[in-house]
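# A closer look at the structure
Okay, here's what each chain looks like letter by letter:
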Amino acid sequence: MAFIVFEGGDGSGKSTQIKRLRNRLARRRYLYTFTREPGGTPLGENLRKILKTRSDLSPLGELLLFIAARQQLINQVIIPAIDSGKHILSDRFTASTVAYQGYGRGLDIPHIVSLNKLATGDIEPDLTILLDMPPEIALSRMSGRKKDTFDNSELSFHKRVRQGFLEQAQSDKLKWLVLDANLPANKLAIEIWNKVKTLL
Ligand code: TYD
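Before going into details, it helps to say that this report is about the structure given with it. (Residues numbered from 1 in each chain as written. Predicted model: local features only at pLDDT ≥ 70, side-chain atom pairs only at ≥ 80, totals over all residues. Heavy atoms only, no water.)

Our next topic: the overall build of the chain. Along its length, the chain carries eight helices and five strands. Each helix and strand of the chain, placed in order from N terminus to C terminus, yields the pattern β-α-β-α-α-β-α-α-β-α-α-β-α. Over its C-alpha trace the chain gives a radius of gyration of 16 Å, about what one expects of a compact globule, namely 16 Å for 200 residues. Dimensions of the chain, computed from C-alpha atoms along their principal axes, come out at roughly 45 × 35 × 30 Å. Here the chain holds 200 residues, and 46% of them are scored as buried. Pairs at least 24 residues apart make up 77% of the contacts formed inside the chain by residues separated by at least 6 positions. In the form shown here, the chain has an accessible surface area of approximately 10000 Å², with 53% of it arising from carbon and sulfur atoms. Mean positive and mean negative side-chain charge positions of the chain (30 and 21 charges, respectively) differ by 8 Å. (Helix = DSSP H or I, 4+ residues; strand = E, 2+ residues; numbered from the N terminus. Rg over C-alpha atoms; globule rule 2.2 N^0.38 Å. Buried < 20%, exposed > 50% of the residue type's maximum accessible area, 1.4 Å probe, protein only. Contact = heavy atoms within 4.5 Å. Areas by Shrake-Rupley, 256 points an atom, 1.4 Å probe, with all protein chains shown as cover. Lys, Arg positive; Asp, Glu negative; His and termini not counted. Charge placed at Lys NZ, Arg CZ, Asp CG, Glu CD.)

Right, dumping it as structure tokens:
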């Protein structure tokens, strides 16, 4: 059983790569559960709406809602998937909280790491795939899309978030795959598959 997470700044092409990997897993008849954060459970989807639209949340309140959504996901989705022997694919996980609430919002990182641990217990991804690109490019790619609270944050926020992902990847190289999100989608999909298939 493998637990694989996709991370990346907003507008990095993460959804396209997730779709491609899901298609490949389905074609090869692998049993897997797909989920996303925040979300993936009824409570989590409600919290997602609040998190994406409420600009009056305090940074700490925001952090705690992400953590609450994650705990619910662990109990209702991830543990049952592990128990039934399925692989798990998630659009974002704990590293997003360190990058956005820690590096981005400036909350204390050791506290975030402990809260993540409290919410997840011993469950950690086997692989986190980071689609990395400069936020200037990612934001310009998103110019036509509907934007939420995070998408509207200033460029310096997104630069800190990017640095947050890169530093996490750097400190745990075996469990991260960092890809240049500017590469053609086909090439990225092949690199992702070459890595993922070693874990299945
Ligand atoms: P989403 O629409 O899923 O964004 P994306 O397509 O970029 O994944 O919205 C989720 C937003 O929530 C995204 O901007 C990142 C942010 N986020 C955090 O700030 N902390 C977290 O712990 C998680 C999981 C997400």
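What follows deals with the sheet that holds strand β4 (residues 127-132). Pairing in this open sheet of five strands is parallel, and the strands run β2-β3-β1-β4-β5 from one edge to the other. In this open sheet, the two edge strands, each paired with only one partner strand, are β2 (32-36) and β5 (176-180). Recorded for the sheet is a direction-independent mean angle of 15° between the axes of neighbouring strands. Sitting on the sheet, helix α7 (residues 155-171) is in contact with β1 (3-8), β4 and β5, with an inclination near 135° to β5. (Pairing = 2+ DSSP bridges. Axes fitted to C-alpha atoms, helices over the stretch in contact; angles between N-to-C directions.)

Below, the discussion takes up the pattern of salt bridges. Under the defined criterion, the tally for this structure stands at 11 salt bridges. Here Asp 91 makes a salt bridge to Lys 14, at a shortest N to O gap of 2.5 Å. Here the residue Asp 91 occupies a position in strand β3 (residues 87-91), and Lys 14 occupies one in helix α1 (residues 14-27), the gap between them amounting to 77 residues. The salt bridge partner of Lys 175 is Glu 124, with a shortest N-O separation of 3.7 Å. Here Lys 175 is found in the loop between α7 and β5, whereas its partner Glu 124 is found in the loop between α5 (109-120) and β4, with 51 residues between them in sequence. The partly exposed category is assigned to Lys 175, whose relative accessible area is 32%. (Salt bridge = Lys/Arg side-chain N within 4 Å of Asp/Glu carboxyl O.)

For the rest of this paragraph, the subject is the packing of helix α4 (residues 94-104) against α5. It is the contact of α4 with α5, at a shortest axis distance of 10 Å, that shows an interaxial angle of 150°. Our classification of the angle between α4 and α5 gives roughly antiparallel. You can see that α4 and α5 cross each other, and the crossing is right-handed. Seen from α4, the contacting residues are Thr 94, Thr 97, Val 98, Gln 101, Gly 102 and Tyr 103; seen from α5, they are Ile 109, Ile 112, Val 113, Asn 116 and Thr 120. (Parallel < 35°, antiparallel > 145°, perpendicular 65-115°, else oblique. Left-handed = near helix turned anticlockwise from the far one by under 90°.)

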